[in-house]
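Chain by chain, the residues run as shown.
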Amino acid sequence: MSEMFYWQALNRAMDAEMAADETVLTLGEDVGLYGGTYRVTEGLMAKYGEWRVRDTPISENSFTGLGVGAAMLGLRPVVEIMTINFALFAMDAIVNMAAKIPFMSGGQFPMPLTIRMPGGVAKQLGAQHSQRLEHMLMNVPGLRMAVPATPQDAYWQLRQAIRSDDPVIVLEHELLYFSKGGVDEMISAPPIHQALVRRQGRDITCVAYSRMLPLALQAAEALAAEGIELTVIDLRSLSPIDWDTCIAAVEQTHRCLIVEEDCRFAGAGAELAATLQEHCFYLLDAPIRRVAGMDIPTPFNGTLEAASIPQADDIVQAARQMMARNGAVR
Amino acid sequence: MDKTQMAAMLRDMLRARAFEEAAAQAYAQGHIAGFLHLYPGEEAVAVGVLHAAEPGDYVVSTYREHVHALVRGIPARQIMAELHGKKTGISGGMGGSMHLFDQDRRFLGGYAIVGETFPIALGAGYAVAYRKLPEAVLCFFGDGAVNQGTFHESLNMAALWKLPIFFICENNHYQIGTEIHRHSAITEVYKRACAYGIPAEKADGMDVIAVHEAAARALVRIRAGEGPQFLELETYRYRGHSMADSGSYRPNVELNAYQANDPIAAAVHEAEYPYPGIEAVAAASANSVTRFADHCCQEGHLDDATVERMRREVQEEVADAVTFAEQSAAPDMEDAWKAFRSNRRFETLMEVAR
């Protein structure tokens with residue numbers, strides 16, 4: 001077990017897979033000489049050469065499609081898209097190609113493609129660079145999406161994504177790259193799509209993912225001081241979703257609070273709330289509640305930016321209200 | 001080009017024509033649904049190019065790909081069954097007319113979103129170059145596709161990394177119903193390749209021998225490591241864009257002119273009087289008409305009876321394919337889930353809870 005940054009964990013995972021399997025390659029803007037905008041591919045070009053670590057022109061749709069075509073011929077490409085905002089150019093390659101070819105070919109072509117991209121609201125990047133678009137990709141059958149929140153999961157899940165024959169999106173978070181945590185490269189990993197209970201509590205099941213996980217844990221600490229105990233679930237995967245773990249937790253707490261950075265309207269939380277109430281309605285002491293981003297493009301101004309997405313205090317407030325008012329939404 | 005190869009090409013053109021006309025009929029009868037984009041008029045392109053390729057080469061195609069698949073060697077039965085949406089289809093009824101795939105024959109699919117063939121070919125070309133193999137990737141696209149961003153993105157990367165990709169533009173002059181002078185600032189498509197330094201030429205897409213020779217030349221350069229090559233083939237589709245389109249926007253005079261230059265009629269003619277290849281002409285020397293005539297005699301020729309027999313045989317083959325498709329079972333939802341989960345060799349994913 002060693003302490004490392006999230007980006008370093010991803011870098012270790014890339015290195016391990018590239019060393020183990022020469023069909024693994026990575027490509028994207030500045031992944032080679034420059035080492036990746038968030039340093040994830042640092043040092044790999046020197047080690048594996050430019051055919052395996054390929055700097056591409058700024059052509060997201062075609063270089064993501066290159067990954068699709070190469071995967072059809074048995075390579076295991078890892079495409080880095082610099083930010084999820086630019087993935088909109090590549091939506092054709094992701095949605096119409098990667099997600100459809102295995103099916104449309106009647107199962108003839110596997111799609112061992114991994115697409116890494118960071119997303120989320122970082123620090124004052126403006127509305128075009130502060131998007132959370134996971135809901136767009138969750139809605140596409142045939143795609144899987146991992147959302148690691150810790151360095152350990154970044155390490156495990158990237159390795160698992162590369163080994164999977166399904167197309168897997170690894171959605172990283174720009175503010176997590178420099179978060180630190182323990183990474184054990186020896187212990188065996190839970191399945192890529194399994195949710196993990198990060199904290200046990202009796203009162204409310206708080207479902208979170210990606211950067212909302214540390215905020216939920218922080219809120220749980222604060223709430224514990226006043227006697228409200230949260231179970232905090234880290235989803236780890238948005239497609240598929242581990243419903244069993246969520247439902248089992250709600251069976252214990254009878255309340256459910258969903259935290260997401262994405263805009264509230266038609267976001268990931270909407271899917272979570274809808275499906276969980278279908279399964280848990282008769283277990284609930286209160287309506288399922290969401291803490292989510294505001295339905296507004298992210299403002300540039302730092303104060304407004306922070307106000308537009310959930311903070312730990314918003315989770316605390318929502319939990320208090322759920323307990324005090326028995327869940328009735330104000 | 002020898003007589004055997006010429007006969008094989010003629011047979012493929014006749015099969016293609018018969019197949020597409022049978023598909024049109026099945027569509028009119030309601031046995032085939034959805035979109036159906038037919039190829040009559042363009043046969044010289046698929047036949048000329050694919051007969052110049054090797055079995056180890058990869059083929060990426062468009063939504064008008066039945067004939068590419070047929071010439072590539074996918075049995076007519078399996079293509080026709082796919083058009084009918086049947087379980088016995090080459091994609092198990094999950095792809096349909098626009099999505100024929102065959103891993104064994106390296107047929108990487110028909111793509112129904114204009115411009116997708118470029119990145120797929122780019123990736124295939126990258127994989128071939130990565131493994132240092134002597135194979136080429138044939139990328140078919142229409143004149144409408146060259147205005148898509150992926151055209152420029154992918155040609156740039158293909159040229160940059162010298163990938164073994166053969167870009168083949170089937171210029172039938174129409175993007176659905178918009179004539180090329182109304183959709184492209186540069187209507188001589190091959191000239192666009194010069195923006196990326198990719199060697200390009202143009203050939204008569206109604207003349208199967210001209211197509212074959214140009215394709216063979218390009219493939220020689222690709223296999224010599226000269227990177228991507230570009231070939232524009234001017235051709236014409238006799239029908240509308242799809243079965244839902246009568247093609248009424250096109251002037252009759254234009255259609256008649258192209259039909260007068262029908263590639264099959266031309267091929268039949270050339271098969272009867274063998275057309276010399278470049279090497280044959282060179283060997284015969286410029287002043288020796290007599291020697292050239294002798295050469296043609298030695299080559300032998302196909303006669304009318306042979307051509308008629310070929311016609312009959314391909315029509316029987318296509319009729320058999322239609323019967324096979326009609327009598328095949330439809331896939332069920334279990335088959336659909338199986339195709340969907342085809343990637344999960346060892347992974348067990350959670351499905352809907354409870």
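Residues numbered from 1 in each chain as written. Chains lettered and ligands numbered in written order. Predicted model: local features only at pLDDT ≥ 70, side-chain atom pairs only at ≥ 80, totals over all residues. Heavy atoms only, no water.

Draft legend 1. Spatial organisation of the pairing of strand β14 (residues 289–293) of chain A. Residue and element names in this part refer to chain A. Counting buried residues in β14 gives 4 out of 5 residues, a clear majority hidden from the surface. In this structure, strand β13 (residues 256–263) lies alongside β14, joined through 4 bridges in parallel fashion. Paired with V259 across the bridge in β14 is V291. Viewed along the sheet, the connection from β13 through helix α10 (residues 268–280) into β14 turns out right-handed. (Buried < 20%, exposed > 50% of the residue type's maximum accessible area, 1.4 Å probe, protein only. Helix = DSSP H or I, 4+ residues; strand = E, 2+ residues; numbered from the N terminus. Pairing = 2+ DSSP bridges. Right-handed = clockwise from strand over helix to strand, strands pointing away.)

Draft legend 2. Molecular detail of the packing of helix α3 (residues 60–72) of chain A against helix α6 (residues 149–160) of chain B. Here α3 of chain A crosses α6 of chain B at 60°, and the two axes come no closer than 8 Å. Crossing of α3 of chain A against α6 of chain B: the hand is right-handed. Contacts between α3 of chain A and α6 of chain B involve N61, S62 and F63 of chain A from the former and T150, E153, S154 and M157 of chain B from the latter. (Axes fitted to C-alpha atoms, helices over the stretch in contact; angles between N-to-C directions. Left-handed = near helix turned anticlockwise from the far one by under 90°. Contact = heavy atoms within 4.5 Å.)

Draft legend 3. Just the sheet that holds β14 of chain A, in detail. All names here are of chain A. Here we have 5 strands laid out as an open sheet, ordered β9-β11-β10-β13-β14, and mixed in their pairing. Each having just a single partner strand, β9 (196–199) and β14 make up the two edges of the open sheet. Strand-to-strand twist in this sheet, taken as the mean axis angle between neighbours without regard to direction, amounts to 25°. As judged from the 3 bridges shared by β9 and strand β11 (residues 230–234), these two strands associate in the antiparallel manner. For L196, the partnering residue across the bridge sits in β11 and is D234.

Draft legend 4. How the structure looks around the confidence of the model for chain B. All names here are of chain B. A residue-level look at chain B finds 89% of positions with pLDDT of 70 or above and a mean pLDDT of 88. Note on residues 273–278: pLDDT is under 50 here. Beyond four places in sequence and across chains, it has 15 contacts. Between residues 284–298, whose pLDDT stays under 50, and residues either more than four places distant or in other chains, the model counts 7 contacts. Across the predicted assembly, pTM comes out at 0.92 and ipTM at 0.94. (pLDDT = per-residue confidence, 0-100.)

Draft legend 5. Inspection of the pairing of strand β2 (residues 24–28) of chain A at higher detail. Residue and element names in this part refer to chain A. A large share of β2 lies buried, amounting to 5 of its 5 residues. Of the strand pairs in this sheet, β2 and strand β4 (residues 76–80) are connected by 5 bridges, and their pairing is parallel. The residue of β4 that forms the bridge with L27 is V79.

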